[in-house]
Amino acid sequence: MSNNNFSRRGVLKTGAVTAGGLMLPTYLRADAHAGYTNAPGDTVKIGFNVPQTGAYAEEGLDELRAQELAVEHLNGIGDGGMLNTFSEKNLDGTGILGKKVEFVTGDTQTKSDVARASAQSMIQKDGVIMVNGGSSSGVAIAVQGLCQEAGIIFMAGLTHSNDTTGKDKKANGFRHFFNGYMSGAALGPILEQEYGTDRNAYHLTADYTWGWTQQESMQASTEAIGWNTTETVLTPVGAGDFSSYIAPVLNSGADTLILNHYGGDMVNSITQATQFGLKDKQVNGKDFKIIVPLFSELMAAGAGSNIEGVFGSMNWNWQLQDEGTQAFVKSFGEKYGRPPSGSAHTCYVQTLLYADAVTRAGTFNPCGVVEALEDFEFDGMGNGPTFYRGADHQCFKDVLVMKGVPSASGSDNMVGYDTVEIVEVTPRAQVEYAPDHPMFAGGDLGECNPGA
Amino acid sequence: MLGLNSRDFRLFLIVCALCLFAPIILNPFPVASSLGESFNAGYPALMQRFVIFGLLVIGFNILFGLTGYLSFGHAAFLGVGSFAAVWMFKLLSYNVVPAIILSVIVAGLFSVVIGYVALRRSGIYFSILTLAFAQMMYSIAFSDLVGKLFGTIVTNGETGLQVYNDDPQILLGQGDPTVPHLFGLEMNSAYTWKIGGWEFVFQNGYYLSALFMVLGFYLSIRIFRSPFGMMLRAIKSNQTRMSYTGLDTKPYMLAAFVISGMYAGLAGGLLAAMDPLTGAERMFWTASGEIVVMAILGGVGTLVGPVLGAGVIKYLENIVSKINDSILHNWFAFMPDWMDNLLVTIIHPFIGKGWHLTLGLLFMAVVIFLPGGLMQLGEKFTALFRRKKTDDAKTGATNPAE
């Protein structure tokens, strides 16, 4: 049935008029004048994309606290924190290049799709020039790819998979956090010294990029000290109940259990392993031991006393005694009444590093920032002398070997913060590797992308 | 016109116009204003989601709205569509045409197999079967079991699949764009129209998605008004009686299932074409549940309802979830401090990460007071202003208000 309201001529006429009306004003390609995406105006906006709900929410919220603190310090509010101890003295509390720093936040929910939607909204709607933060390597890799395409800088938060700066590395992405290989390299000698060279290890591994590379790294470093790998079992992320995976360990003949789990999974698996009595068992005439290669304060808090006697590694810990750490712990503690976690430290440092790189480059152009950060040597950020390698955008610094201990203060608020102690600070040279190391090979950094 | 009756044609034109002018309609506030910073939704990534999820739910509605068969696993088709599209980018080139074609075909194949099995049962058993299939596919993708079987990467597990510089991309020529494009027209390039304090972004990718949604919408109207659509409605009202009359309902059901699966595959392909990365979580059962909620919220069995439902949910997810306390304090800054704090305390649970709560309340309100979905609200409004109700026999759930 035809409709008389819509004559062909009428439709054509209306269409032509509308099209003409739209064409009249000059079209401008987004920010063509600046030569890069989201060139800042009077203020500069950065995006903090962290999990605020879901399994890693605790980590994400702590990252957010640290990032807010970093913005305050950049804008000259508060005591300046690590700005005073940072080896570069370009930042003076007047924002970045004289522009006041503003920030927007987003919730990644630890899901790649959601994280990308949130990052897209930050880039397209809020006009951020840099995205910082996040927990989980899957999400970091997803968002890193997005930022590369959009032409803005991504500073990864808590991501420990070798792939983030290995086969998934991107020119616009940077990682301050350490990785699976470094954990393995740092733990190896300590394990040899504590547990000897004759052990049978059983791996339970979270089934995703981080778990795989973590297990590969641990296997390599334990086999290098003469250990035998009895079996490796992949467990689904978020399994909740690990008893069906732990029961077989008892009869496998293994005397060491390596839990390549993180967050809630690690809390569950170590708790259940303890309940199964693994820690009190004797196998092959040796005490049964559990190792959790990657520690975090918030995980240790969840695991409670189950973490006692367990070895692991960390990127940074608030108990370090250097100047930078003390300055950061002090200003974080004054604002929030608690010590910062390792992931909070990484996100705080990344924000300052970005600001400093922009200042040194004299531009917000991502390509300038990339150049300023590549092969950049700095100190005073809590990790000792640190090196941002240009070949893969990975930071190299000392790695902490940690051990779970009974709480020193006995205070409930400090569980997780003082139930792990620093056993050794493994020097940077010991955890370094070549950019084309087999565990990291296969990727391509590509060209820096300034976007529009 | 176009084989539609005047009412449907008018509806179709309205949808076309909305899609065409969405960048303007969705950015009603100046960019720099606080309302604009919070409520403007006219940025490409979100507009793409509006139309792509609109398309997905339009397809879902052909199955659920017409036959009454509630599929709880539609996200699985969305997922396979996305995986197929990303694989096309990896193997051939960044041209979106093969990607979109393959995503529809693959989703179609999967829905034939799953539909054939699941449609042996009806009602709750059908829902559970589809849910089970979707969860199986999710687990397979999440642990990349197919990849492990062949010793390669197929879905890349939890990390998700994306395109790398060293992928084959055999059709990629020198100087071809390295982002998804339609014969050279880059999906993510956009024109920004600045006028006064306003900024309107017209993006290629959005318009391609919108074109597909408009086509999908047109096809859905034709199906709704066709004898085939009538047959599907008959199945909804009484399938047993249909069988007694000697009619085999199975082929009709399967056809409806496959069509709606292909819609989902197309939506998945478009999602990948807009943003060339995909992951297993796109197939998780909560994603399927979201599709059902979108359809019910908008109005099951109506033509425009699904699009509306998808829009409302994506808006809440992306806009309301980003409002935080400091933004609220800015809004209420003119009030005395105690009032400001009180209001913020009251609103706090409903914004930011509490957007699910807002959605839940909205959903409850709709289900209780407007069983016909948001479309019913529209109908009530038009009925209020209309002098006398039309005596059209087709009013009701199947005939949405303009």
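Position numbers for residues start from 1 in each chain and track the written sequence from start to end. Here every chain gets a letter starting at A, and every ligand a number starting at 1, in the order they are written. A pLDDT threshold of at least 70 governs which residues receive local features in this predicted model, and a stricter bar of 80 or more applies before side-chain atom pairs are shown or counted, although totals over entire chains, interfaces and linings include all residues.

Caption draft 1: Seen up close, the overall build of chain B. Per the secondary structure count, chain B includes 16 helices and 6 strands. Both definitions apply: the radius of gyration is a C-alpha atom measure, and the globule rule equals 2.2 Å times residues to the power 0.38. Whereas a compact globule of 402 residues would reach a radius of gyration of roughly 21 Å, chain B reaches 22 Å, a difference of no more than 12%. With respect to the principal axes defined by its C-alpha atoms, chain B has extents near 70 × 65 × 40 Å. Among the 402 residues that make up chain B, the fraction classed as buried is 49%. Two residues qualify as a contact pair if the distance between their C-beta atoms, derived from the backbone, is within 7 Å. Sequence-distant contacts, at least 24 apart, represent 74% of the contacts inside chain B between residues at least 6 apart. By definition, any uninterrupted DSSP run of H or I lasting at least four residues is a helix, any uninterrupted run of E lasting at least two residues is a strand, and each is numbered from the N terminus. Field definition: a residue is buried when 20 or more other C-beta atoms are found within 10 Å of its C-beta, exposed when 12 or fewer are, and partly exposed for counts in between, with C-beta atoms placed from the backbone.

Caption draft 2: Local environment of the sheet that holds strand S7 (residues 200-206) of chain A. All names here are of chain A. For two strands to pair, DSSP has to find at least two bridges joining them. An order of S8-S7-S9-S12-S13-S17-S18 is seen for the 7 strands of this open sheet, with the pairing classed as mixed. Edge positions in the sheet fall to strand S8 (228-235) and strand S18 (420-426), since each of these pairs with one other strand and no more. Each neighbouring strand pair of the sheet contributes to a mean axis angle of 25°, computed without reference to strand direction. Sheet topology places strand S12 (residues 289-294) next to strand S13 (residues 311-314); 2 bridges connect them, and they run parallel. Looking at the pairing, isoleucine 291 lines up with phenylalanine 311 of S13. Set on the sheet, helix H6 (residues 209-224) makes contact with S7, S8, strand S9 (256-260) and S12; between it and S7 the angle comes to about 165°. Fitting a line to C-alpha atoms yields each axis, with helices limited to the stretch in contact; the angle taken between N-to-C directions then spans 0 to 180 degrees.

Caption draft 3: Structural detail: the interface of chain A and chain B. Counting from both sides, the interface comprises 35 residues of chain A and, opposite them, 35 residues of chain B. Elements with a minimum of two residues in the side of chain A that touches chain B: strand S1 (28-29), strand S3 (100-107), helix H3 (112-126) and helix H4 (137-150) of chain A. It is H3 of chain A that contributes the most residues to the side of chain A that touches chain B, 8 residues altogether. Following the grouping adopted for this structure description, the nonpolar residues are Ala, Val, Leu, Ile, Met, Phe, Trp, Tyr, Cys and Pro, the charged ones are Asp, Glu, Lys and Arg, and the polar ones are all others, Gly among them. Among the residues forming the side of chain A that touches chain B, the class breakdown is 12 nonpolar, 14 polar and 9 charged.

Caption draft 4: Looking closely at the confidence of the model for chain A. Values of pLDDT, which run from 0 to 100, indicate the predictor's confidence residue by residue. Mean pLDDT over chain A stands at 88; residues scoring 70 or higher make up 93%. The model gives residues 22-32 of chain A a pLDDT under 50, and that stretch makes 17 contacts with residues more than four places away or in other chains.

Caption draft 5: A look at the sheet that holds strand S15 (residues 386-388) of chain A. Residue and element names in this part refer to chain A. Strands sit in the order S14-S15-S16 across an open sheet of 3 strands; the sheet is antiparallel. Each having just a single partner strand, strand S14 (376-378) and strand S16 (395-396) make up the two edges of the open sheet. Note: S14 against S15, 3 bridges, orientation antiparallel. The partner of phenylalanine 378 across the bridge, within S15, is threonine 386.

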